[in-house]
Amino acid sequence: LFGIGGGFLMTPLLIFRGIPPEVAVATQTAQIAASSTTSALAAIRRRALDLKLGAVLVAGGFVGTALGVWFFAAMR
């Protein structure tokens, strides 16, 4: 709607309408994943996607996630 991400508006609106927060977040997560996937496929077809940079970002995301989970488990 505004180009800033549907979760910014839809998640609070769903919660205000009485939908449990877990369901509202999961609904928006599925929509964001589908939108991101189709956008990435379109960019690949146009050869406008830097796959090397994407691989570095994904690897960094996995490492950061693993370290974050380990840190929070250790802090308990």
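Residues numbered from 1 in each chain as written. Predicted model: local features only at pLDDT ≥ 70, side-chain atom pairs only at ≥ 80, totals over all residues. Heavy atoms only, no water.

**Let's talk about the overall build of the protein**
When its secondary structure is counted, the protein shows three helices and zero strands. Listing the helices and strands of the protein from first to last along the sequence gives α-α-α. What you see for the protein is a C-alpha radius of gyration of 17 Å, clearly larger than the 11 Å of a compact globule of 76 residues, by over 25%. Projected onto its principal axes, the C-alpha positions of the protein cover 45 × 40 × 15 Å. Buried positions account for 7% of the 76 residues belonging to the protein. Of the accessible surface of the protein, which amounts to about 6500 Å², a share of 72% is contributed by carbon and sulfur atoms. (Helix = DSSP H or I, 4+ residues; strand = E, 2+ residues; numbered from the N terminus. Rg over C-alpha atoms; globule rule 2.2 N^0.38 Å. Buried < 20%, exposed > 50% of the residue type's maximum accessible area, 1.4 Å probe, protein only. Areas by Shrake-Rupley, 256 points an atom, 1.4 Å probe, with all protein chains shown as cover.)

**Looking at unusual backbone geometry**
The residue Arg47 is not glycine, and still its phi comes out positive at about 55°. Structurally, Arg47 is set in the loop between α2 (21-45) and α3 (51-75). Here Arg47 falls in the exposed class, since its relative accessible area comes to 77%.

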